[in-house]
Amino acid sequence: MGTHILALDQGTTSSRAIVFDRQGQPIAQAQQEFEQIFPHPGHVEHDPEQIWQSQRQVAEDALRQAGVSPEQVAAIGVTNQRETTILWDRQTGRPVANAIVWQSRITADICERLRADGCEPVFREKTGLVLDPYFSGTKITYLLDSIDGLRSRAEKGEILFGTVDTFLIWRLSGGRLHVTDPSNASRTLLYNIHTRQWDDELLSLLEVPRAMLPEVRSSSEVYGQTDSDLFGAAIPIAGNAGDQQAAAFGQTCFEPGMAKNTYGTGCFLLLNTGRQPVASQQGLLTTIGWQLGEETTYCLEGSVFVAGAVIQWLRDGLGIIERAEQSEELAATVTDAGGVYFVPAFVGLGAPYWDAAARGTIVGLTRGTSRAHLVRAALESMAFQTRDVLEAMQQDAGLKLSALRVDGGASANSLLMQFQADILGTPVQRPVVQETTALGAAYLAGLAVGFWKDQNELQAYWTLDREFRPDMATEQRERLYAGWKEAVQRSLRWEKTGKPATG
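Residues numbered from 1 in each chain as written. Predicted model: local features only at pLDDT ≥ 70, side-chain atom pairs only at ≥ 80, totals over all residues. Heavy atoms only, no water.

**Some words on the overall build of the protein**
Line of reasoning, step 1. Along the protein, the regular secondary structure elements total 18 helices and 23 strands.
Line of reasoning, step 2. The C-alpha atoms of the protein give a radius of gyration of 22 Å, which matches the 23 Å a tight globule of 503 residues would have.
Line of reasoning, step 3. Per-residue burial for the protein yields a buried fraction of 61% across its 503 residues.
Line of reasoning, step 4. When contacts within the protein are restricted to residue pairs at least 6 apart in sequence, those whose partners lie at least 24 apart make up 72%.
Line of reasoning, step 5. Where the 44 positive side-chain charges of the protein centre and where its 60 negative ones centre are 3 Å apart. (Helix = DSSP H or I, 4+ residues; strand = E, 2+ residues; numbered from the N terminus. Rg over C-alpha atoms; globule rule 2.2 N^0.38 Å. Buried < 20%, exposed > 50% of the residue type's maximum accessible area, 1.4 Å probe, protein only. Contact = heavy atoms within 4.5 Å. Lys, Arg positive; Asp, Glu negative; His and termini not counted. Charge placed at Lys NZ, Arg CZ, Asp CG, Glu CD.)

**Focus on the packing of aromatic side chains**
Line of reasoning, step 1. Tallied over the entire structure, the rule returns 22 aromatic pairs.
Line of reasoning, step 2. Ring centres of Phe249 and Trp290 lie 5.0 Å apart, and the angle between their planes is 85°; this geometry places the pair in the edge-to-face category. One end of the pair, Phe249, is in helix α10 (residues 243–250); the other, Trp290, is in strand β17 (residues 285–292), and 41 residues separate them in sequence.
Line of reasoning, step 3. Trp290 sits in the buried class, given a relative accessible area of 2%.
Line of reasoning, step 4. Centroid distance Phe254 to Trp290: 6.4 Å. Interplanar angle 85°. Geometry classified as edge-to-face. On the criterion of sequence distance, the pair formed by Phe254 in the loop between α10 and β15 (259–263) and Trp290 in strand β17 is long-range, its members being 36 residues apart. An identical accessibility class is assigned to Phe254 and Trp290; each is buried.
Line of reasoning, step 5. Pairwise contacts between aromatic rings join Trp102, Tyr134, Phe135, Phe268, Phe305 and Trp354 into one cluster.
Line of reasoning, step 6. Seen from the ring of Tyr481, Arg387 lies directly overhead, with NZ or CZ sitting 3.9 Å from the centre.
Line of reasoning, step 7. Arg405 extends its terminal NZ or CZ atom over the ring of Trp462, reaching a point 3.7 Å from the ring centre. (Phe/Tyr/Trp six-rings, centres within 6.5 Å; stacked < 30°, edge-to-face > 60°. Lys NZ or Arg CZ within 6 Å of the ring centre and 35° of its normal.)

**Thoughts on helix α17 (residues 474–491)**
Line of reasoning, step 1. Its 18 residues give α17 an end-to-end C-alpha distance of 26 Å, which sits within 8% of 26 Å, the value for a rise of 1.5 Å per residue.
Line of reasoning, step 2. Along α17, the positions that sit buried rather than exposed are Arg477, Leu480, Tyr481, Trp484, Ala487, Val488 and Ser491. One side of α17 holds all its buried residues, which, seen down the axis, span an arc of 115°. Residues of α17 that are exposed and angled more than 90 degrees away from the buried face: Glu475 and Arg479.
Line of reasoning, step 3. Taken from the residues just after α17, Arg493 is the one with a positive phi, measuring 60°. (Expected span 1.5 Å × (residues − 1). Arc of directions from axis to C-beta.)

**Quick word on the environment of Thr262**
Line of reasoning, step 1. For Thr262, the position within the fold is in strand β15.
Line of reasoning, step 2. Distance from Thr262 to Leu203, taken between C-alpha atoms, is 31 Å for residues 59 residues apart in sequence.
Line of reasoning, step 3. Side chain to side chain, Thr262 and Lys260 meet in a polar contact 2.6 Å long. (Polar contact = N/O pair within 3.5 Å; in protein donor to acceptor, adjacent residues only side chain to side chain.)

**Considering the sheet that holds strand β14 (residues 236–242)**
Line of reasoning, step 1. Read across the sheet, six strands follow the order β3-β2-β1-β5-β14-β13 without closing on themselves; strand pairing throughout is mixed. The open sheet has two edge strands, β3 (26–33) and β13 (220–225), and neither has a second partner. The mean inter-strand angle of the sheet, taken between neighbouring strand axes irrespective of direction, is 25°.
Line of reasoning, step 2. Across the sheet, helix α1 (residues 48–66) touches β1 (4–10), β2 (14–20), β3 and β5 (73–80), and the angle it forms with β3 is around 150°.
Line of reasoning, step 3. α10 rests against β5 and β14 of the sheet, and its axis sits at about 105° to β14. (Pairing = 2+ DSSP bridges. Axes fitted to C-alpha atoms, helices over the stretch in contact; angles between N-to-C directions.)

These values are about where atoms sit, not about what they do.
In structure tokens:
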């Protein structure tokens, strides 16, 4: 038995690796950003080779910083940006095209066609998802249709599909493992979350050859080992989950009714609904949280496409801040957003609106508006979008949360977390270990190899850093939220009409 767990956390804008000890504490980590490719408005790509090289490099860096040899690593856990789609050659392992990122709207026309053909109820019933370019299935269709000869090669089994976890495990294992887990499979539009199988009807509707698909294994088991040449020793690969489900596991949201929100590139709120899937009536997603052995945990999820990425845009696109960390300091120089609302619908709006044609909107500008007001409005947009999702979630599940656990980069922003508690009217709990996505992957891997005994042991390691309690009058809370809802209305259907939905 090794002394540590290595978690590989492959995200939308960077790859990270964190080494954890037996108490679930991070002892070393490394991170490397990689290029964001924007071929056309609303279309986002990554170079899969950059993903792999950056992930391999940070793994080596983290182990070196920790002073941990490969022989001391009990297991590797993988977590990943979900829905991002990679196709590669089975023989060479080389990608046939850039990865299409989850944010990309390139398949909006395919989704519209399927919707017009009356297919959405089938997808909704079997997958728990909506027909949206967000998910992997239509991305596969697009690539097969747009690259000459690719479809016939895929039908022969020469071309493989994977979300990022599958591609990484393929590379880690030297091409011996083509696997995924239910949390990632359930985000493809191809996987039946009730039967827990790839679904022939869905494959037919999207014209995806079954021969391309990875084997679906549980989220916590030894899939195989790394190629011994990679790190200098063969290490068990034993945990796998999509980033948001991994974060919920890392937050130890093991009981029905527990919820977490991750503030990353996007914003993702997951509510544990137990052993049975709950169909949403409010525009949320029904998804698989994780599978341990034969036991599957289901979740309701609200997906916000742009959260922390709005701060990145203020930095890189407008240049009004130099570092993301400046956002809290600058926003704190004003008492409020000065009546400004910022709807960051750069790639459409996710839950509960699901409008691929919505576009970014800033309203309420006056001559008195400063860059501090704009930054504060951008931060507040994350909290407003979270309330949109939480209200829908509570209606679907028929409950009111007693507290919301938070993680991700922007959860370190105390001004944002206080505003989040204020606009929800619900306490917000930030744990000591905020890298809960990587921690969840580590927990899943560690359970598989006996590094940790059970989930009860893991719950004991969750420690509160700070609780933010609501401190805003109800009248003010509702007035601010009503303004947000009005701003959202002005962003909807913009790309199709060239003017706001309100005319």
